[in-house]
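The residues making up each chain are set out below.
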Amino acid sequence: MSGQLHELGVAELARRLRTRDVSAVEAAQHFLARGQAHASLGAYLATDEQATLAQARAADARIAAGDAAPLAGVPIAHKDIFVTRDFPTTAGSKMLEGYRSPFDATVVRRLAEAGVVTLGKLNCDEFAMGSSNENSAYGAVRNPWDGSRIPGGSSGGSAVAVAARLAPAATGTDTGGSIRQPASFCGITGIKPTYGRASRYGMIAFASSLDQAGPMAHSAEDCALLLSAMCGPDPDRDSTSLDAPAEDFTRGLDGSIEGLRIGVPKEFFAEGVSADVRAAIDAALAQYEKLGAKRVEISLPRTELSIPVYYVIAPAEASSNLSRFDGVKFGHRAKQYADLLDMYKKTRAEAFGDEVKRRIMIGTYVLSHGYYDAYYLQAQKIRRMIADDFQQAFRQCDVIAGPVAPTVAWTLGEHGNDPLADYLADIFTLPGSLAGLPGMSIPCGFGAGGMPVGLQMIGNYFQEARLLNAAHRFQQATDFHLRTPEGF
Ligand code: GLN
């Protein structure tokens, strides 16, 4: 039976752990062994068998004592952007090599309280900046569907761990698409909740007005279980966490979607969307119509502007957030320097990668006197208009659907030294991020090279349950989310 353990999702594993069909220690060992066997994928940055097994033994004790923790003993892994006491945290950067946090991120703590066991930390783009995971200081991650392709980013390690069954689920973070895009590229399910649903405390900050945590798993049901544990107010530690009570996102999963109005923005099907992706999305929308949903044509007229707007605002915030890495309090410090200023300069020059440096420079530039009004302020104004466009659209529909990305996963090195190629591919995830809306990626087919395609669903604020319900109904009628890459 333990040979099939890795095929189980979170919901089923939790059931078997509760009935003591399998122990938390057995489950943890099984997944750790798989992680080791497939180390060449590059998904894990850190594991610690002793720490994991100690958590697993504690979970077994909780189960034996009749504790009703919903996820007791379920092993998961965390994107290495969440600080953890039991494992090192690097954010994919040389800057934090060997860093160990004295505390757990709120999301990590909440999941631990719900009973999960941590398998380790997962690779990601440096400080979550990227779309291919190639910006990690610790090497690229390979897509298990085709080892010559990228897994997407920045939560590439998370998506690969789940897709290759090295973990039943993982945490991710999404600032401009980093949960949805790698989920789409690796054929798994992921959800980014409404901005503020999950606490950002202990999530190493990239762009604070956009950063949001969410689960990545096989199914909408698994995501719902994890999201219920992750969300909730954290007023003392994150002032932007919403004062909304924790919700049980599994409650409405089975509800009918008869009459659900699915808005399809014409801008999400413009030139640049490849024919294979378009075909998979069209088929998914047809499936939804079969399930009783109605297709409504809508417009999000400022979709294209989301790219320049995001790539002004996110670097601006990053330039400020990353100023804390100065060699003084934590992280890397240059060995040789002349004076304090020289120490700052050498430390940062040595330990930040190219993309991070590029964003710090862009961010500092757009915030500087004389350019602030021309770039930063202008971007903020358009950001508001983009959010308003969504509210206009939600008068005609209940959810919005379209592709997550214009193409399937590209090959490693394909975008070479052209960061703009990466930026442009974010076009469909950025608008929802700028508006702070919840969004999902749902496996909906395969495109060029047999690579997975994800359907993006965007909901209005606080409509996570509705998105999960729509995704669950789709997954009851299809099996894309159950397909496994060959050899895994
Ligand atoms: N690809 C986007 C970027 O590079 C989004 C990253 C993210 O969501 N963390 O900024």
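Scroll up for the structure.
Residues numbered from 1 in each chain as written. Predicted model: local features only at pLDDT ≥ 70, side-chain atom pairs only at ≥ 80, totals over all residues. Heavy atoms only, no water.

Caption draft 1: Geometry of helix 4 (residues 106–113). Among the residues making up helix 4, those that are buried are Thr 106, Val 107, Val 108, Arg 110 and Leu 111. In this structure, the buried residues of helix 4 make contact with strand 2 (75–79), strand 4 (169–174), strand 6 (212–217) and helix 7 (220–230). Two residues or fewer past helix 4, Gly 115 is found with a positive phi of approximately 110°. (Buried < 20%, exposed > 50% of the residue type's maximum accessible area, 1.4 Å probe, protein only. Helix = DSSP H or I, 4+ residues; strand = E, 2+ residues; numbered from the N terminus. Contact = heavy atoms within 4.5 Å.)

Caption draft 2: Molecular detail of the packing of aromatic side chains. Under the criterion given, the structure shown has 18 aromatic pairs. With a centroid separation of 5.0 Å and an interplanar angle of 45°, the aromatic rings of Phe 127 and Phe 325 are classed as tilted. Note that Phe 127 is positioned in the loop between strand 3 (117–122) and helix 5 (156–163) and Phe 325 in the loop between helix 9 (306–321) and helix 10 (340–351), a separation of 198 residues in sequence. A centroid spacing of 4.4 Å and a plane angle of 25° characterise the contact between Tyr 365 and Tyr 371, whose relative ring orientation is stacked. (Phe/Tyr/Trp six-rings, centres within 6.5 Å; stacked < 30°, edge-to-face > 60°.)

Caption draft 3: Layout of helix 3 (residues 49–64). With 16 residues, helix 3 ought to run about 22 Å at 1.5 Å a step, and its terminal C-alpha atoms sit 22 Å apart, in line with that. Of the residues making up helix 3, those classed as buried are Ala 51, Thr 52, Leu 53, Gln 55, Ala 56, Ala 59 and Ile 63. Those residues of helix 3 that are buried are in contact with helix 1 (10–18), helix 2 (24–37) and strand 3. The backbone nitrogen of Gln 50 has a side-chain oxygen 3.1 Å away, supplied by the residue at the start of helix 3, namely Asp 48. Gly 66, located one to two residues past helix 3, shows a positive phi value of around 80°. (Expected span 1.5 Å × (residues − 1). Polar contact = N/O pair within 3.5 Å; in protein donor to acceptor, adjacent residues only side chain to side chain.)

Caption draft 4: Fine view of the site of the ligand. As a structural note, the neighbourhood of the ligand is formed by 15 residues, with Thr 175, Gly 176, Ser 178, Tyr 310 and Arg 359 the closest of them. Between the ligand and Thr 175 there is a distance of 2.8 Å, counted from an oxygen atom to a backbone nitrogen or oxygen. One of the side-chain N or O atoms of Asp 426 is found 2.8 Å from a nitrogen atom in the ligand. Burial of the ligand by the protein amounts to 99% of the accessible area it has alone, namely 290 Å². (Near = heavy atom within 4 Å. Areas by Shrake-Rupley, 256 points an atom, 1.4 Å probe, with all protein chains shown as cover.)

Caption draft 5: Structural detail: the side chain of Ser 93. Note on placement: Ser 93 falls in the loop between strand 2 and helix 4. By relative accessible area, which is 0% here, Ser 93 ends up buried. If we ignore the near neighbours within four places in the chain, the residues touching Ser 93 are Glu 126, Phe 127, Ala 137, Tyr 138 and Ala 351.

Caption draft 6: Structural detail: the pairing of strand 5 (residues 189–192). Neither face of strand 5 is open: one carries Thr 189 and Ile 191, the other Gly 190 and Lys 192, and all of them are buried. Pairing of strand 5 with strand 6 involves two bridges; the strand directions are antiparallel. Within strand 6, the residue paired with Thr 189 across the bridge is Ala 217. The pairing of strand 5 with strand 10 (residues 439–446) spans three bridges and is antiparallel. Bridge pairing in strand 10 links Gly 190 to Ser 441. (Pairing = 2+ DSSP bridges.)

Caption draft 7: A look at the pattern of salt bridges. A full pass over the atoms with the stated rule returns 23 salt bridges. Close ionic contact of Arg 200 with Asp 238 constitutes a salt bridge, the shortest N to O distance being 3.4 Å. Taken together, the positions of Arg 200 in the loop between strand 5 and strand 6 and Asp 238 in the loop between helix 7 and strand 7 (261–265) put the pair 38 residues apart, joining distant regions of the chain. Relative accessible area serves as the criterion here: at 17%, Arg 200 is assigned to the buried category. Within this structure, Arg 197, Glu 247, Arg 251 and Glu 464 form a network of salt bridges that share partners. (Salt bridge = Lys/Arg side-chain N within 4 Å of Asp/Glu carboxyl O.)

Caption draft 8: Local environment of the side chain of Asp 80. With respect to the secondary-structure elements, Asp 80 resides in the loop between strand 2 and helix 4. A residue is classified by how much of its surface remains accessible, and Asp 80, at 1% relative accessible area, is buried. Dropping the residues within four chain positions of it, Asp 80 is found in contact with Leu 45, Pro 88, Thr 89, Thr 90, Ala 91, Gly 92, Lys 121, Leu 122 and Cys 124.

Caption draft 9: Focus on unusual backbone geometry. A cis amide bond, omega 5°, links Gly 153 with the succeeding residue Ser 154. Looking at where Ser 154 falls in the secondary structure, it is placed in the loop between strand 3 and helix 5. With a phi angle near 60°, Arg 20 is a residue other than glycine that sits in the positive phi range. Within the fold, Arg 20 resides in the loop between helix 1 and helix 2. The backbone of Ala 128 sits at a positive phi, close to 65°, despite the residue not being glycine. Considering the arrangement of structural elements, one finds Ala 128 in the loop between strand 3 and helix 5. For Ala 128, a relative accessible area of 5% corresponds to the buried category.

Caption draft 10: Just the pairing of strand 2, in detail. For strand 2, a buried count of five out of five residues is recorded, marking the element as mostly surrounded by other parts of the structure. Pairing between strand 2 and strand 3: four bridges, direction parallel. Looking across to strand 3, one finds that Pro 75 is bridged to Val 117. For the crossover that starts at strand 2, traverses helix 4 and ends in the parallel strand 3, the hand is right-handed. (Right-handed = clockwise from strand over helix to strand, strands pointing away.)

Caption draft 11: Representation of a nonpolar patch on the surface within the structure. A cluster of nonpolar side chains, contributed by Tyr 365, Tyr 371 and Tyr 375, occupies part of the molecular surface with about 290 Å² of accessible area. Counting through the fold element by element, Tyr 365 comes out in helix 11 (residues 354–367). (Patch = residues over 30% accessible without salt bridge, like charges linked within 9 Å, V, L, I, M, F, W, Y side chains within 5 Å.)

Caption draft 12: Structural view of the nonpolar core. Among the nonpolar cores identified, the biggest contains 153 residues, and Phe 127, Ile 262, Tyr 288, Met 457 and Leu 468 are the most heavily contacted of them. Take this core: its biggest share by element is nine residues, from helix 9. Excluding residues within four positions of it along the chain, Leu 468 makes contact with Ile 191, Ala 220, Cys 223, Ala 224, Leu 227, Phe 249, Leu 253 and Met 440. (Core = buried A, V, L, I, M, F, W, Y, C linked by side-chain atoms within 4.5 Å.)

Caption draft 13: Seen up close, the environment of Ala 470. Checked against the element boundaries, Ala 470 lands in helix 15 (residues 464–477). Here Ala 470 falls in the buried class, since its relative accessible area comes to 0%. Residues Ala 470 and Gly 252 lie 218 residues apart in sequence; the distance between their C-alpha atoms is 9.6 Å. Dropping the residues within four chain positions of it, Ala 470 is found in contact with Ile 257, Leu 260, Tyr 288 and Met 457.

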